[in-house]
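Observations on chain architecture
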Amino acid sequence: SIDARLRAELARVLPELGNAPADAMNEARFRQAVVQALDARRSAGLAGLALDDLHFADAASLELLPSLAVELPLALAVRGAETPAALAAWQGEEGGAALVEVALPPLTEADVRQLLVSLALDGIDPERLAAPLAQHTGGNPYFVLETLGALVAQPGGTSDRLPTTPTVGALIERRLGQLSPAALRLARVAALAGADFNAALAAHVLQSHPLDLTEAWVELERAHVLRGDGFVHDLVGDVAARAVPGPIAAFLHRGIAEYLEAQSVAPARIAQHYAEAGAWRRAADFHLLAANDARRASRRIEEVGHRESAFACLDRAGDAEAAFEARCASVESLILVRGVEYAQRVIEDMLAMARTDTQRAAALTARATAALMAADHVTGVASARKALALAHGLGTPWPRFEAARLLAVGLAQQGKTDEAEAELAPFEELVATEGSVEQRGHFWSDMAYVLNSARRLGRTADALARAIDCAREQRDLAELAMLTTNLATVHGNLGHVEQAYEHALRARALQVELGATGGPIGGVIEAHVGLYATALGLYDNALQAFERALDIFRRDGQTMWIAVCSNSLAMTLIELGQFARARKALEYEVPAVSHVAARGALLAARIARLLGSSPAADLQRARECLEHGDDYYIHALLELERAESVDTHQALDICEATLRAAESREFGGIAMKARLLAARACLDLGDIAAAVAHWDALEAFLPRLHAADCYPPTAAAIGRKILLAHDEADRAAAQVDAAVAWIHQTARDHVPDAFQDSFLHRNPVNRALLTARSRQR
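Everything numeric in this text was worked out from a predicted model, so none of it was measured. (Residues numbered from 1 in each chain as written. Predicted model: local features only at pLDDT ≥ 70, side-chain atom pairs only at ≥ 80, totals over all residues. Heavy atoms only, no water.)

A few points about the overall build of the protein
Scanning the protein for helices and strands turns up 41 helices and four strands. Taken over the C-alpha trace, the protein has a radius of gyration of 38 Å; the compact-globule value for 777 residues is 28 Å, which it surpasses by more than 25%. For the protein, the spread of C-alpha atoms along the three principal axes comes to 125 × 75 × 40 Å. Looking at the protein as a whole, 50% of its 777 residues qualify as buried. Surface accessibility of the protein: about 35500 Å² in total, with carbon and sulfur atoms responsible for 53%. Treating the 75 positive side-chain charges of the protein as one cloud and the 100 negative ones as another, the clouds have centres 4 Å apart. (Helix = DSSP H or I, 4+ residues; strand = E, 2+ residues; numbered from the N terminus. Rg over C-alpha atoms; globule rule 2.2 N^0.38 Å. Buried < 20%, exposed > 50% of the residue type's maximum accessible area, 1.4 Å probe, protein only. Areas by Shrake-Rupley, 256 points an atom, 1.4 Å probe, with all protein chains shown as cover. Lys, Arg positive; Asp, Glu negative; His and termini not counted. Charge placed at Lys NZ, Arg CZ, Asp CG, Glu CD.)

Overview of the packing of aromatic side chains
This model, assessed by the stated rule, comprises eleven aromatic pairs. Geometrically, the ring pair formed by Phe-443 and Trp-444 is edge-to-face, given 4.9 Å between the ring centres and 90 degrees between the ring planes. One exposure class covers both Phe-443 and Trp-444, and it is buried. Judged by centre distance (6.1 Å) and plane angle (40 degrees), the rings of Tyr-633 and Phe-667 are tilted. Here Tyr-633, found in helix H34 (residues 632-643), pairs with Phe-667, found in the loop between helix H35 (648-664) and helix H36 (668-684); they are 34 residues apart in sequence, far enough to count as distant. A relative accessible area of 0% places Phe-667 in the buried class. (Phe/Tyr/Trp six-rings, centres within 6.5 Å; stacked < 30°, edge-to-face > 60°.)

A look at the nonpolar core
Ranked by internal contacts, the top residues of the largest apolar core, which has 110 residues, are Phe-401, Phe-443, Met-447, Ile-670, Leu-676 and Ile-722. Considering every element that reaches this core, the biggest residue donor is H36, with eleven residues. Other than its neighbours up to four places away in sequence, Ile-670 contacts Tyr-632, Tyr-633, Ala-636, Leu-637, Leu-640, Thr-658, Ala-662 and Ala-708. Trp-561, Leu-569, Tyr-588 and Val-593 belong to the second-largest nonpolar core, a separate cluster that totals 59 residues. (Core = buried A, V, L, I, M, F, W, Y, C linked by side-chain atoms within 4.5 Å. Contact = heavy atoms within 4.5 Å.)

Just distances and angles here, no functional claims.
This is how it looks when you write it as structure tokens:
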């Protein structure tokens with residue numbers, strides 16, 4: 001009956017016992033032989049005996065140990081939660097110096113991290129994995145190593161859910177098998193309840209008085225199964241849960257869900273238990289409630305997860321109408337979080353599922369939403385028109401409103417701004433008197449888009465302010481971030497670049513609070529940060545923002561936004577004197593959006609001019625692009641770029657015409673650049689008085705307005721020439737001093753080392769000003 005492992009270990013240490021099988025000598029003789037042999041070896045210098053894994057030993061082997069310990073020190077190792085009864089009894093009788101217990105604590109998260117670092121396994125990130133691995137295993141070194149082995153062996157490396165290996169599972173099952181029936185029942189309820197487990201829930205599900213659970217609870221704590229209201233580690237919970245048969249688990253999950261519902265627990269927790277119970281309709285209801293809670297808290301990733309779970313549950317419940325409505329409600333969030341392409345696949349499923357005109361109108365409206373977000377105004381307008389035609393036959397005005405507002409956005413993208421406003425304006429009274437805050441927000445944000453497309457900046461700002469008020473009332477951070485970005489654009493067009501940059505940074509902060517979302521919105525905000533950082537000479541910030549934006553746009557295949565961002569990046573590189581890199585940045589797939597393509601051609605023309613080549617071909621390409629759309633801002637920039645390449649009289653005419661048009665539309669930035677170039681043209685024509693008049697008008701606005709699409713020190717370079725011609729050398733020198741100080745500070749603080757030389761010496765404005773400063777000395 002002597003345990004084979006113990007006997008083999010003794011035989012290794014005490015060869016005089018021989019290799020006879022255990023049944024060759026009776027137990028008493030064997031014990032006597034062991035004691036005598038050990039005594040002889042102790043006399044010969046044997047210091048002690050160490051025995052591991054005594055939780056595997058049988059009772060007879062364990063009963064031998066006290067007699068061995070009389071004459072020889074023993075080091076015994078056993079799992080604390082699996083101490084055999086015989087060993088525990090002996091342990092309880094001993095005390096003082098006769099018995100020294102050394103409890104090995106579990107590995108901490110820091111210990112696990114250090115272990116992972118020392119192992120240096122391919123595909124294992126210690127920083128990412130240490131915390132979940134410590135939680136999963138409870139810091140048990142054996143469990144840690146077994147789990148690591150499974151992670152390394154499984155296809156695809158690490159995953160979000162850590163595995164339970166067969167060996168570890170068997171070990172835990174054996175430990176659980178030693179529990180009393182009452183303790184095991186309690187452990188299984190805890191496993192199914194997960195994070196929702198507590199004494200009150202256990203008493204409810206087991207239909208017991210809480211005091212009746214005392215012995216079972218204490219037993220689980222002593223067995224290192226429970227700690228507080230949870231398992232010592234996740235592996236125990238996983239194994240305990242898997243041991244519950246499916247029908248029993250479903251019944252218990254329903255009881256857990258009903259208890260949590262009565263306690264008004266967060267719906268997300270209730271939804272999961274109803275789903276585990278197979279109560280699909282109830283699970284869907286609570287997933288939708290959880291989605292609405294997440295939306296109100298601007299946790300859009302969580303919102304999408306719950307909406308997707310809701311329509312999956314409704315599909316399983318066989319409720320096609322409710323499943324359609326759940327998908328319809330998810331479209332906006334799907335675009336923000338999963339991106340346009342993913343949302344479009346869901347929308348095509350909706351179109352296939354639609355059975356009524358109401359559903360078809362909703363699905364077509366959703367298709368228009370996704371298409372317009374991707375700047376596909378052809379599909380967007382066509383889908384919105386079809387939705388509007390269907391909506392006219394319905395009894396409620398709101399489907400008409402939803403279709404009309406998207407049609408307005410699409411028409412604005414096509415440059416048909418008057419038609420767009422005519423579609424949207426009739427709904428103003430309806431949303432004001434009967435609309436929800438969300439519908440009012442949609443109306444004013446879409447009206448702002450239409451007005452901005454029409455370049456009515458004053459009315460655009462007013463509409464945006466109303467839309468922002470609605471977003472704040474809803475606590476919708478995603479919408480607030482997007483509207484704040486749009487407000488940055490309006491300030492940029494007005495020439496208020498500092499305010500534009502502040503709004504862009506505020507939008508970014510809102511996006512950070514919102515969390516990672518996927519979709520284009522994060523990239524759009526970064527692109528705006530980069531645009532206005534460039535206008536202020538914050539080139540390092542700009543380059544980083546553009547890099548982040550392009551990563552997002554390329555990930556989602558956003559052709560139009562890639563082009564928009566690349567255009568702004570090219571502008572930044574031009575100012576840094578990096579003409580070859582700027583030209584490379586313009587090598588993108590040309591989008592169908594005419595003003596974006598025209599902007600790229602305009603920048604290509606500027607690069608050609610700065611390198612001493614003819615810009616004519618690129619200017620012609622830009623003009624041809626704008627024939628397919630009407631974008632005042634890009635058209636005005638094209639005219640001013642053209643003024644750089646024609647004779648001086650024609651240039652002056654172009655600049656003065658652009659100045660009048662920009663002032664009538666409140667485009668302060670365009671007006672500033674037009675006046676600056678007009679002043680230079682007057683000087684070149686010898687009309688010094690007119691040049692000075694333009695310069696004096698400019699100088700009054702320079703502290704608060706920024707010339708659009710214009711490198712900041714350009715004004716000082718032109719102003720210097722005008723003031724010198726007017727015999728105002730001191731004022732001219734002051735302009736140069738201030739500009740050179742700005743250049744040096746910008747180079748020192750905001751220009752990457754690799755671009756320092758080109759910024760100072762290949763940027764023609766900088767080169768001219770630095771030369772002028774050296775001559776002043």
